[in-house]
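Chain and residue survey
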Amino acid sequence: FPTCSDILSRNNDVMKKISKADEGFTIFAPNEAAFKALGDKKQEQIEDVRNEEMVEKIAAYHCITEPVTADQLFNSGGVVTLGGEVPAERSVSGGFLGVGGREDGGVTLNGSKVVNTFEFDDGDKTCIVHEMDGLISPTILWRYADQLRIPGST
């Protein structure tokens, strides 16, 4: 997850909180296809130094300072990340215009599906990485791209 890793590494506060988490951490890592699907303009905005604050907010929405398994996500209804609350729903396949679909056993966060889950131990900490097919941060953050500061932030 090179692009996701780059975005996370640009937020020092998130990296410190993850490294100091007592039990472990969870990262919702958008795969490379998710970043490619954003399109050229948004990819350029992620790289633009004027958008550092927006990128830091995006990174914060993709991290939790405790381990959260896929089963816990499936039954949660939502999670509170370092960036804020993100709704979780059971994913549905089939149907037409949202009618007649069936749960497929997966989970989505803010519309992005958990594709795969990796769990590993780091000493006495449990670390979980959920591969996502999209970003889970609120789309409204893109409104602040190319501005010097997000209104209401410190």
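Cut-offs applied
Residues numbered from 1 in each chain as written. Predicted model: local features only at pLDDT ≥ 70, side-chain atom pairs only at ≥ 80, totals over all residues. Heavy atoms only, no water. Salt bridge = Lys/Arg side-chain N within 4 Å of Asp/Glu carboxyl O. Helix = DSSP H or I, 4+ residues; strand = E, 2+ residues; numbered from the N terminus. Buried < 20%, exposed > 50% of the residue type's maximum accessible area, 1.4 Å probe, protein only. Core = buried A, V, L, I, M, F, W, Y, C linked by side-chain atoms within 4.5 Å. Contact = heavy atoms within 4.5 Å. Phe/Tyr/Trp six-rings, centres within 6.5 Å; stacked < 30°, edge-to-face > 60°.

Enumeration over the complete set of coordinates arrives at four salt bridges. Measuring nitrogen to oxygen at the nearest pair gives 3.4 Å for the salt bridge that ties Lys 17 to Asp 13. With Lys 17 and Asp 13 both in helix H2 (residues 12-20) and four residues apart, the pair spans about one turn of that helix. Relative accessible area serves as the criterion here: at 44%, Asp 13 is assigned to the partly exposed category. For Arg 50, the salt bridge is made with Asp 48, and the minimal N-O distance between the two is 2.7 Å. Within the structure, one salt-bridge network assembled from shared partners comprises Asp 6, Arg 10 and Glu 52.

This paragraph deals with the nonpolar core. In this structure, Ile 27, Phe 28, Met 54, Leu 73, Val 79 and Leu 109 are the most contacted members of the largest nonpolar core, which totals 35 residues. Listed by contribution, the elements that provide at least two residues to this core are helix H1 (2-9), H2, strand S1 (24-30), helix H5 (52-60), strand S2 (63-64), strand S4 (85-93), strand S5 (102-109) and strand S7 (125-132). Looking at this core element by element, the count peaks at five residues for H5. For Leu 109, the residues in contact, after removing those within four places along its chain, are Phe 28, Leu 73, Val 79, Val 86, Pro 87, Ala 88, Met 132 and Ile 136.

This paragraph deals with the environment of Ser 5. Position of Ser 5 among the secondary structure elements: in helix H1. The class for Ser 5 is partly exposed, based on a relative accessible area of 44%. In the structure, Ser 5 is positioned 24 residues away from Ala 29 in sequence and 8.1 Å away in space, judged by C-alpha atoms.

What follows is about unusual backbone geometry. The phi angle at Asn 110 is positive, at roughly 50 degrees, despite the residue not being glycine. Checked against the element boundaries, Asn 110 lands in the loop between S5 and strand S6 (112-122).

Once that is clear, we can look at the packing of aromatic side chains. Per the stated rule, a full pass over the model turns up one aromatic pair. Ring centres of Phe 1 and Phe 118 lie 6.3 Å apart, and the angle between their planes is 65 degrees; on these two criteria the pair is classed as edge-to-face. Highlighted residues: Phe 1 in the segment before H1 and Phe 118 in strand S6, separated in sequence by 117 residues. Exposure remark for Phe 1: the relative accessible area of 36% places this residue in the partly exposed category.

By themselves, these are just geometric observations and shouldn't be taken as functional.
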